[in-house]
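Take a look at the letters that make up each chain.
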Amino acid sequence: MQYLSELQQLVQRVNPTCSPTRLTADTPLLDERVLDSLQIVSMIAEMETMFGVRVSLEEVIPENFESLRKISDLIQRTMASNRSDNSAPG
Amino acid sequence: MSKSTTDAPGFNKSSADRGLSGKSPMVVDVAIVGGGPAATFTALYLLQQGIRPLIIEKETFPRYHIGESLTGEVGAALVDVGLESKLEASNYPVKYGVRVYGRGGKNHFWVPVMKRVRPGPGGLAPARTWQVRRDEFDAMLLDEACSRGAEHLRGAAQAVSREGQQVTGLVVVTDEGPVEVQSKVVVDGSGQKTFLAQQGVTSAKERGSYANQVALYSRVRGEMRDPGIDSGNTLIFYSDRHRWSWFIPISEDQTSLGLVVPANELADSGLSPEAFFFDRIGSLNPALTSRLQQVEYTEKVRCSSNYSYRIQEFTGPGFLCVGDSHRFVDPIFSFGLYFAAREAQMAAQHLGESLRKGTWADANAFSEYARQVEIGQQVIQDLIDFFWEYPLAFQWMAHKTHTEDIADCFAGRVYSDTASEAILAMREVLRKKRAGETYQPLPTAVGS
């Protein structure tokens, strides 16, 4: 998956008790309580800066933050949709 | 009757001379059904214009009522009607904001009470409001309205009189027999009794989005509050969608505690409402459980169901509805008293104008009032719908992207003709989610 090491570090930044190398692409971040909702909110903000994207509101749902793979998918999807928004006429 | 009507400019002489047992009708400009805050705020605002209304309420106040929390802007309404000093002098707990605990109790977000000191970004300043004991608060409002010149007829409004579509008065049942009231305008401030809807005067009552919910509630002593100045804040705890609890400190040692869940869960449990309440309140959210370790219940457990509804046509010739008498949304963010106070203010303004211009019997006499009121109700409906559909995105907006817009909503600054960016964004997401369902657009301005 893309951005694994970036996302491992990002998770550690919002939850300093978490060791980044412990996280695999499919570690269940919510079920194992690696991230709570406040930390997700902080992470979205960092993610937006780091990847230069704007996550749309309907994407801010727990399902998109269940694992690093899901977050990576979200970033790629958001990049694509931001690009098409920017190139849309008008 | 708690006040003599003699020389009251709002009353016809024939009513002033008439005793309750007399047969001649009471003739008034404005008859208000109900004695709760929607009714009494309307009365207080009318009195400011020199209009002395008749308040029809059969219950003896004080009486038990939930809905104890004020938003920031109710404070402004209390200032408006000259009651701020009474609130300041009372020992009601001071509320600085609302803390909402999410599922599992680990996370929470905070929306402070903020006043707007100037428009635009950065224009908010910390403020405060109160939690009130509704028995005392509602009695205080009624007493105040009567001492300023409103008349209280102790009785139950039973029927409306009409000439065509126009409402021209009421029949009120009192201990001394029926009393006929002739009015230019009937104001429905009857709350969830929705008097005018029951009479078939308004359009039919439609079930709201939260109609299948049930609320169970009581009061406790010995609960754990937040420390220091935060001890009076509202706490909300939720678990899964549409399952939540309120924790509203109402005095130094008592807190109103409520539980709201889908009604079928109570029915399916096979438990009494009381047993169900104790069972669920203890397990809803760990952050709440830990605050209830040492509590003693000081009130019986009460239960209200089927409480979300909307009436679309709630004004017309000779009548209008204020507050819960036309719409009731999920009460999670404590807008009940605010809607009552603010709609009363707008109603009184339109009532005064219609009496001065003689337009109270026009078909659209109060349609501009209705339009304004629906703007605010719809903002709150959308805010709450979005909160339940997208709790994480709501938290994201409240904390990061639209902090001020959300603080404005929570305070009650919801009547602008143009919705805030946050509300527009929420509506867009809800609209997409409901694509295929019918989305209710806002009513458009009359004549626009």
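Quick summary incoming for the structure in this document. (Residues numbered from 1 in each chain as written. Chains lettered and ligands numbered in written order. Predicted model: local features only at pLDDT ≥ 70, side-chain atom pairs only at ≥ 80, totals over all residues. Heavy atoms only, no water.)

1. Digging into the overall build of chain B
Then, number 1: Counting its regular elements, chain B contains 14 helices and 23 strands.
Then, number 2: Out of the 448 residues belonging to chain B, those deemed buried represent 58%.
Then, number 3: Summarising the internal contacts of chain B: among those between residues at least 6 apart in sequence, 72% fall at separations of at least 24.
Then, number 4: Looking at chain B as shown, the accessible area adds up to about 17700 Å², and 48% of this sits on carbon and sulfur atoms.
Then, number 5: The averaged location of the 52 negative side-chain charges in chain B is 2 Å from the averaged location of its 47 positive side-chain charges. (Helix = DSSP H or I, 4+ residues; strand = E, 2+ residues; numbered from the N terminus. Buried < 20%, exposed > 50% of the residue type's maximum accessible area, 1.4 Å probe, protein only. Contact = heavy atoms within 4.5 Å. Areas by Shrake-Rupley, 256 points an atom, 1.4 Å probe, with all protein chains shown as cover. Lys, Arg positive; Asp, Glu negative; His and termini not counted. Charge placed at Lys NZ, Arg CZ, Asp CG, Glu CD.)

2. Here's the deal with the overall build of chain A
Then, number 1: Check the secondary structure of chain A and you find three helices and zero strands.
Then, number 2: Counting helices and strands in the order they occur from the N terminus, chain A gives α-α-α.
Then, number 3: On C-alpha atoms alone, chain A measures out to a radius of gyration of 13 Å, which is about the 12 Å that the 2.2 N^0.38 rule sets for 90 residues.
Then, number 4: Overall, chain A is about 45 × 20 × 20 Å in size when its C-alpha atoms are taken along their principal axes.
Then, number 5: Split into buried and exposed, the 90 residues of chain A put 43% on the buried side.
Then, number 6: Split by element, the accessible area of chain A, about 4700 Å² in all, is 48% carbon and sulfur.
Then, number 7: One finds the centroid of the 8 positive side-chain charges in chain A at a distance of 3 Å from the centroid of its 13 negative side-chain charges. (Rg over C-alpha atoms; globule rule 2.2 N^0.38 Å.)

3. Quick notes on the nonpolar core
Then, number 1: One finds B:Leu170, B:Val181, B:Phe333, B:Phe386 and B:Phe394 to be the most contacted residues of the largest nonpolar core, which totals 145 residues.
Then, number 2: Setting aside chain neighbours within four positions, we find B:Phe386 in contact with A:Leu57, B:Pro391, B:Ala393, B:Phe394, B:Met397, B:Met426, B:Val429 and B:Leu430.
Then, number 3: In this structure, B:Val214, B:Leu216, B:Ala287 and B:Leu288 belong to the second largest nonpolar core, which totals 19 residues. (Core = buried A, V, L, I, M, F, W, Y, C linked by side-chain atoms within 4.5 Å.)

4. Considerations on the packing of helix 2 (residues 37-51) of chain A against helix 12 (residues 391-401) of chain B
Then, number 1: At their nearest, the axes of helix 2 of chain A and helix 12 of chain B sit 10 Å apart, and the two run at 65° to each other. By the angle between their axes, helix 2 of chain A is roughly perpendicular relative to helix 12 of chain B. Both helix 2 of chain A and helix 12 of chain B take part in a crossing whose hand is right-handed. Here A:Ser37, A:Leu38, A:Ile40, A:Val41, A:Ser42, A:Ile44, A:Ala45 and A:Glu48 of helix 2 of chain A come into contact with helix 12 of chain B, specifically with B:Leu392, B:Gln395, B:Trp396, B:His399 and B:Lys400.
Then, number 2: Within the contact of helix 2 of chain A with helix 12 of chain B, the residues separate by chemical class into seven nonpolar, four polar and two charged. (Axes fitted to C-alpha atoms, helices over the stretch in contact; angles between N-to-C directions. Parallel < 35°, antiparallel > 145°, perpendicular 65-115°, else oblique. Left-handed = near helix turned anticlockwise from the far one by under 90°. Nonpolar A, V, L, I, M, F, W, Y, C, P; charged D, E, K, R; others polar.)

5. What about the pairing of strand 12 (residues 177-188) of chain B?
In summary, the side chains of a regular strand alternate between the two faces of the sheet.
Residues and elements named next belong to chain B.
Then, number 1: Where strand 1 (residues 26-33) lies against strand 12, seven bridges are found, and the strand directions are parallel. The partner of Met-26 across the bridge, within strand 12, is Val-181.
Then, number 2: Here strand 11 (residues 166-174) pairs with strand 12 via six bridges, running antiparallel. Paired with Val-172 across the two strands is Val-179, which belongs to strand 12. (Pairing = 2+ DSSP bridges.)

6. Description of the interface of chain A and chain B
Then, number 1: Tallying the contact residues gives 16 residues for chain A and 17 residues for chain B.
Then, number 2: Contact with chain B buries surface across chain A, with A:Val41, A:Leu57 and A:Glu58 losing the most and accounting together for 38% of the total.
Then, number 3: Taking the shortest distance from any N to any O, the salt bridge between B:Lys432 and A:Glu58 comes out at 2.7 Å.
Then, number 4: At the boundary of chain A and chain B, one finds four residue pairs in polar contact (both at pLDDT 80 or more).
Then, number 5: In the side of chain A that touches chain B, the residues fall into 10 nonpolar, two polar and four charged. (Buried area = accessible area lost by both parts, 1.4 Å probe. Salt bridge = Lys/Arg side-chain N within 4 Å of Asp/Glu carboxyl O. Polar contact = N/O pair within 3.5 Å; in protein donor to acceptor, adjacent residues only side chain to side chain.)

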